[in-house]
Structures are given as structure tokens and as C-alpha cells.
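What follows is the residue order along each chain.
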Amino acid sequence: MRLSITKIKQQPSAVQQYQLVDDQLDPTAYGYTDFRLSEPVSFTGRVINNGDGLFEVCGSYQTKLQLICSRCLSPFELPVAGEITALYGSSPHEDADGELAVHSFSGDNIELDELLLSEISFALPMQPLCKEDCRGLCPECGTDLNHDACSCAKEQIDPRWEKLAYFKFNGDE
Ligand SMILES: [Zn+2]
Ligand SMILES: [Zn+2]
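These notes cover the structure that comes with them.

About the thresholds
Residues numbered from 1 in each chain as written. Chains lettered and ligands numbered in written order. Predicted model: local features only at pLDDT ≥ 70, side-chain atom pairs only at ≥ 80, totals over all residues. Helix = DSSP H or I, 4+ residues; strand = E, 2+ residues; numbered from the N terminus. Buried ≥ 20, exposed ≤ 12 C-beta atoms within 10 Å, placed from the backbone. Contact = placed C-beta atoms within 7 Å. Pairing = 2+ DSSP bridges. Core = buried A, V, L, I, M, F, W, Y, C linked by C-beta atoms within 7 Å.

1. Looking at the overall build of the protein
Inference 1: When helices and strands are tallied, the protein shows 2 helices and 9 strands.
Inference 2: Overall, the protein shows an N-to-C arrangement of helices and strands of β-β-β-β-β-β-β-β-β-α-α.
Inference 3: Out of the 173 residues in the protein, the part that is buried amounts to 13%.
Inference 4: Counting contacts in the protein only where the partners sit at least 6 residues apart, residues at least 24 apart contribute 51% of the total.

So this is what it looks like as C-alpha cells:
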């Protein structure tokens, strides 16, 4: 995603608004392999010319990710949204903590791809789940227990299902 700052580049304290949608952003091109975008990234925000060759970007983004459930291995979609604030200048430098305090850009365009993708990757859940109570795959036979039952490992009954099992045994009498 590219923000053109041609109009404000020569005027300190000038502000430009943006409302952009980018369907070309490709996480794999930047080494992110644990998610895909299932919707274009949209960005609403502004760039302020802070003077001294520094430009401040702030705004909000949103998109939808395609992730793989860590329990049942099914793909599912997760909406993500967040705020970004970053300073861009012609020479990048780090602050005392080693964080990038000023991101670099050249010419008349600020390229947001890397910043957006790193923000999105921070928003990823450690253990993505298709739903809170996903039952996952049977460790014995691999059946997706969200959709099917299987006949292995009956000894290990989840306490939540104990009552149900009790019912079943009584029913058989
Ligand atoms: Zn799942
Ligand atoms: Zn099984």
C-alpha cells in the first residue's frame, strides 16, 4: 500500500487524508507464511508533514485473515483491525530500545506494506481456533470431532460429557 505525499512534501505542517484499499498485498513476499489475507486491506488515516523531512502516518486498518485452526487444522477467517502510528524519514534510525523510531522512505511515496504486515502479525493469536470450543481431531484416527464421532479412546471422557455417557449406558439397559 502506497501513500503518495507529493502534495504535502514541500509544506511543513501540511496534512493529507487517505482512504485506500489494497488487494495486492502479499504476506508471503515479506516472509509471512502463517496467515493469508482473505480480504483486501483497507486503510483510513492521514500523513502530517512534521518538517525536517519527517512525515507522521497515523490511521487505522482492517482486513480479514485466513488462518488454520490449531486443533482441527481447518482453515477459518478472522477479522483483524488496528491502529498504526509511525514516523517516516529519508534516513531510518532506531531509538534507545532498538525499535525502529523512523522508518525510511524515498521519493514521493511512503510504502506501508511492511508496517501493516508486522502489525497484523502481532495481532495473530498464539493458538488460532476456528471456534472457542473446537473439539479438534481424534489423536488416534484423525476424525474431525466437530463433524463426526469415532470409536477410539473411550476411556478418556471429557468431564463435560460424563453425564451424557451416563445417560447412554442407562439407555442400553
Ligand atoms: Zn477447529
Ligand atoms: Zn478416533
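Once you've had a look at it, read on.
2. A few points about the pairing of strand β6 (residues 75-89)
Inference 1: Where strand β5 (residues 54-68) meets β6, 14 bridges bridge the pair, whose relative direction is antiparallel. Bridge pairing links Q62 to A81 in β6.
Inference 2: What sits between the antiparallel neighbours β5 and β6 is a turn of 6 residues, in which L73 has the positive phi angle 65°.

3. A look at the nonpolar core
Inference 1: Judged by nonpolar contacts, the single largest core of 19 residues is most densely connected at L3, V47, F55, V57, I110 and L116.
Inference 2: Among the elements of the structure, β4 (41-51), β5, β6 and α1 (113-122) are those that each provide at least two residues to this core.
Inference 3: Residue contributions to this core peak at 5 residues, all from β5.
Inference 4: Residues within four places of L3 in sequence aside, it is in contact with Y18, V47, V57, N109, I110 and L112.

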